[in-house]
Amino acid sequence: MDNEQQSGDSTDRSDLVSEDGKNSKSVLCQRCGSKVLCPGMAVFAEKELFLPSMRKKSGLSNTEGSVDGDTLTAHWLVDDMYTFENVGFTNDVGRIKYLICADCEIGPIGWHCLDDKKSFYVALDRVNHA
């Protein structure tokens, strides 16, 4: 039990990542519980990405100057936008589109660079698993 308490915010990933490196549970929106991904549809990937603080879509596209947010490294990687059960995209922010919940529009829960059509990242810390 001490090991779990020491990890703090980071979730124990052994119950989230299957032996073949895929998500073993459904990925859900933290706010409304809407299903973003079904089990086995994404691969665990470590990539350092900056995501602005969570807010409604209207607040995401109006970011001027410096932006509050987090640099996150644990993500679910999806290679096709049609793999998602339920996800929305913001307007372009430079060469980036942020992923949001399509139902309640909270986000960003993930990141997509327009230069790489096959990489959609969903941050483990921005979603729930069930």
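The coordinates are above.
Because the structure is predicted, anything quoted here is derived from the model rather than measured.

> Requested: an account of the pairing of strand β5 (residues 69-78), with residues and values cited.
Remark: a regular strand shows side chains that alternate across the two faces of the sheet. Alignment of strand β3 (residues 43-52) against β5, held across eight bridges, turns out to be antiparallel. Across the sheet, residue F44 finds its bridge partner in β5, namely W76. Where β5 and strand β10 (residues 120-123) come together, four bridges link them in antiparallel fashion. Along β10, the bridge assignment pairs W76 with V122.

> Please give an account of the sheet that holds β3 that cites residues and values.
Think of a sheet as strands paired side by side through backbone hydrogen bonds, with each pair either parallel or antiparallel. Here we have six strands laid out as an open sheet, ordered β3-β5-β10-β9-β7-β6, and antiparallel in their pairing. Each edge of the open sheet carries a strand with a single partner, namely β3 and β6 (88-89). Of the strand pairs in this sheet, β6 and strand β7 (residues 96-100) are connected by two bridges, and their pairing is antiparallel. Paired with G88 across the bridge in β7 is I100.

> Describe unusual backbone geometry, and please don't skip the residues or the numbers.
Omega for the bond connecting G107 with P108 falls within 30 degrees of zero, at 5°, which places this linkage in the cis form. Topologically, P108 is positioned in the loop between β8 (106-107) and β9 (110-113). Of note in the backbone geometry, E105 takes a positive phi value of approximately 60° without being a glycine. Relative to the assigned elements, E105 resides in the loop between β7 and β8. A residue is classified by how much of its surface remains accessible, and E105, at 30% relative accessible area, is partly exposed.

Rules behind the numbers
Residues numbered from 1 in each chain as written. Predicted model: local features only at pLDDT ≥ 70, side-chain atom pairs only at ≥ 80, totals over all residues. Heavy atoms only, no water. Pairing = 2+ DSSP bridges. Helix = DSSP H or I, 4+ residues; strand = E, 2+ residues; numbered from the N terminus. Buried < 20%, exposed > 50% of the residue type's maximum accessible area, 1.4 Å probe, protein only.

That's the geometry; what it means functionally is another story.
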